[in-house]
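# Breakdown of the fold
The residues making up each chain are set out below.
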Amino acid sequence: MTNKDSSRNKIKTRLFWITIILITWEIMAKSGAFPEAIFPSLLDIARALGDSVVSGEILLQTGFSLVLILEGFLISLLAAILMSSLAVSNKVFNGLVDTLTAIAHPLPGIALLPLIIIWFGTGTLSIIVIIVHSVIWPMILNIMTGFRAISPVYKEAGLNFGLNHFRIIKDIMIPASLPYVLSGMRIGWARAWRALISAEMIFGAVGLKGGLGWYIFKQRVFMDTPGMFAGLFVIVLIGIIVEDYVFAAFEERTVKKWGMI
Amino acid sequence: MGNDLKDEEDNFRDRAVTIRLRSVSKYYQSSQATLRVLDNIDLDIYQGEILAILGPSGCGKTTLLRQIAGFDHRESGSLLMDGQEIVKPEVKRIMIFQDFNQLFPWKTVIQNVVYPLQVNSIGESDAANNEIALQYLKLVELSGFEDSYPHQLSGGMKQKAAMARALTLKPKVLLMDEPFGSLDALTRISLQNLLLKVWRETGVTIVFVTHDIQEAVILSDRIAVMGRGTVGIKKVIPNLLDRPRVVGVAGYAEIYGYVYSLMDINSER
Ligand SMILES: Nc1ncnc2c1ncn2[C@@H]1O[C@H](COP(=O)(O)OP(=O)(O)O)[C@@H](O)[C@H]1O
Ligand SMILES: [Mg+2]
């Protein structure tokens, strides 16, 4: 109950401040202190967004970006679970994963862009590679931390019931480390989202599709500032939806319900 | 007194030995020294008995129980169950830990109890396994809490659920490591009674580790008293008080006093 109350309070506070910001924005835009091309009014932004939705353009680009990030995210999640499981099963592999993570984790995806372009070109494959790079290392780090934090009692109880090594990992270690997996997913998502938008801006469109990053970048060329803000609005919206309705909802239905956090 | 006990020990002579320890040694290596926690331990555990392992904390009770469970490597000695060397944990010896958090928190109570059945493909269907699990939850008086998650249970209820989960696979031996040690006194008594009921109804052999003399006397058929240092098992005392037992029943004071005298409680002065 208190949980619901506090989340309702949070939404109220947010709505309040958003309203204030929007009003301030509109006053600034209407005051004429800045040219319209730099500081468009809310109505212009809404119209740009509406036009773009009607023409289908922004939906197309958003869909393109979302499909890419989901693909990359799923690949990374599975690969991270696989690599972490191998690492806890085998000393040699553990050393390898540890070293790879230490090297690759501090490397921002964008820093790898030139290299990735040389290796994989400027197509969707390169974007997937950047997303995977952004997600997989924090995922592995978190999963490994989670594995190490598991109470030995769970594993011993499992061994006592006759579980083999594979089932110990699948049935015990992975669910037991879910809080860590979740925080790895959050970090990974944020990183991947940034890397994706940046990469799309640099790669441009393949045919008509270039993603949200490309959409925003393109509006600059046309000096369509309201259109740029429309793109930013969609990015913020997706960010909030993913955090509040995907991650938070998943957390609510799993680790919170189980009293694990 | 000593003579009485000798006679009483004969009562156990013809009982079948389920687990036999001979010269079992277990050391822990630290940077400075080797800690010889168990040094040449000999012990027989009889089928169907409740054997209490009693000793001050740090004397090696958990280490001994984990050896019997098969969790840890040992330096030397032989540990046989029904004539076969114990080398790894098995479903015929199930451990119940001291830690209240031994149920899997991501499973409900019934899912926890069903899980070992699924792993070992016991029932013919999920429904059959569910039926078995419900029976054991009833046995431990936890009916109505099937769909609770472990974090919603009290410590005593968690230990009851752990007992149900341990019993589903019909183990020959239950290994219990101070399972009621952190409970309040009343809950502890009620769980002791529950354990005795479970023991009567299942006939399972129980090795019960405790540092509480009263608990050992109330529960056990025999008490293995361990001492500090590398003393190992000082003495195994038969405990033939009539059941049901309560504190203060005829003969209680004698056996309590005898065990007390073996525990070196004042030796640290
Ligand atoms: N994994 C371990 N590594 C090193 N020393 C240990 C380990 N486990 C237990 N010990 C030591 O062995 C002794 C016996 O421990 P334990 O069997 O847990 O005692 P008890 O259960 O009787 O309290 C203690 O001195 C303890 O510090
Ligand atoms: Mg102990």
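Look above for the structure.
Model, not experiment: these values are computed from the prediction.

## A closer look at the interface of chain A and chain B
At the junction of the two partners, chain A supplies 20 residues and chain B supplies 24 residues. Summing both sides of the interface, chain A and chain B together bury roughly 2,000 Å²; the carbon and sulfur share of this comes to 65%. In this structure, Glu 156 of chain A engages Arg 66 of chain B in a salt bridge whose closest nitrogen and oxygen atoms are separated by 2.7 Å. Our count for the chain A to chain B interface comes out at seven residue pairs in polar contact (both at pLDDT 80 or more). Those elements that provide at least two residues to the side of chain A that touches chain B are α7 (152-160) and α8 (165-176) of chain A. Counted by class, the side of chain A that touches chain B contains eleven nonpolar, five polar and four charged residues.

## Here's the deal with the packing of aromatic side chains
Going through the model one piece at a time under the given rule, you end up with 17 aromatic pairs over all chains. On the basis of an interplanar angle of 75° and a centroid distance of 5.7 Å, the ring pair of Phe 73 of chain A and Trp 189 of chain A is categorised as edge-to-face. Of this pair, Phe 73 of chain A sits in helix α3 (residues 57-89) while Trp 189 of chain A sits in helix α9 (residues 178-203), placing them 116 residues apart in sequence. Taking relative accessible area as the criterion, Phe 73 of chain A reaches 8% and is therefore assigned buried. Look at Tyr 256 of chain B and Tyr 260 of chain B: their rings are 6.4 Å apart centre to centre, the planes differ by 20°, and that puts the pair in the stacked class. Of this pair, Tyr 256 of chain B and Tyr 260 of chain B both sit in helix α8 (residues 252-262), four residues apart, roughly one helical turn. Looking at Tyr 260 of chain B, the relative accessible area reads 35%, which means it is partly exposed. Clustering of aromatic rings is evident, with ring pairs tying together Trp 25, Phe 34, Phe 39 and Phe 229 of chain A.

## Details of the nonpolar core
Residues Ile 19, Leu 21, Leu 64, Met 163, Leu 174, Met 176 and Ile 206 of chain B are the most contacted members of the largest nonpolar core, which totals 133 residues. At 13 residues, the largest contribution of residues to this core is made by helix α6 (residues 124-149) of chain A. Those residues within four positions of Leu 21 of chain B in sequence are excluded, and the remaining contacts are Ile 41, Asp 42, Leu 43, Ile 45, Leu 64, Ile 68, Ser 78 and Leu 79 of chain B. Within the second largest apolar cluster, 16 residues are counted, among which are Ile 218, Ile 223, Tyr 258 and Met 263 of chain B.

## Notes on the layout of surface pockets
Residues and elements named next belong to chain A. For the largest pocket, the calculated volume is near 690 Å³. Forming the walls of the largest pocket are 19 residues, and the residues nearest its centre are Ser 7, Lys 10, Ile 11, Asp 244 and Ala 248. Of all the secondary structure elements, the ones that give two or more residues to the lining of the largest pocket are α1 (2-31) and α11 (225-253). The element best represented in the lining of the largest pocket is α1, accounting for nine residues. Grouping the amino acids of the lining of the largest pocket by side-chain chemistry returns seven nonpolar, three polar and nine charged. Empty space within the second largest pocket amounts to approximately 550 Å³. Element by element, the count of residues in the lining of the second largest pocket is highest for α11, at eight residues. Across the lining of the second largest pocket, the residue classes break down as 16 nonpolar, no polar and no charged.

Criteria and cut-off values
Residues numbered from 1 in each chain as written. Chains lettered and ligands numbered in written order. Predicted model: local features only at pLDDT ≥ 70, side-chain atom pairs only at ≥ 80, totals over all residues. Heavy atoms only, no water. Contact = heavy atoms within 4.5 Å. Buried area = accessible area lost by both parts, 1.4 Å probe. Salt bridge = Lys/Arg side-chain N within 4 Å of Asp/Glu carboxyl O. Polar contact = N/O pair within 3.5 Å; in protein donor to acceptor, adjacent residues only side chain to side chain. Helix = DSSP H or I, 4+ residues; strand = E, 2+ residues; numbered from the N terminus. Nonpolar A, V, L, I, M, F, W, Y, C, P; charged D, E, K, R; others polar. Phe/Tyr/Trp six-rings, centres within 6.5 Å; stacked < 30°, edge-to-face > 60°. Buried < 20%, exposed > 50% of the residue type's maximum accessible area, 1.4 Å probe, protein only. Core = buried A, V, L, I, M, F, W, Y, C linked by side-chain atoms within 4.5 Å. 1 Å grid on protein atoms, 1.4 Å probe; cavity = no way out; pocket = protein on both sides within 12 Å on 5 of 7 lines; lining within 4 Å. Points joined across faces, edges and corners; volume = space filled by probe spheres on them.

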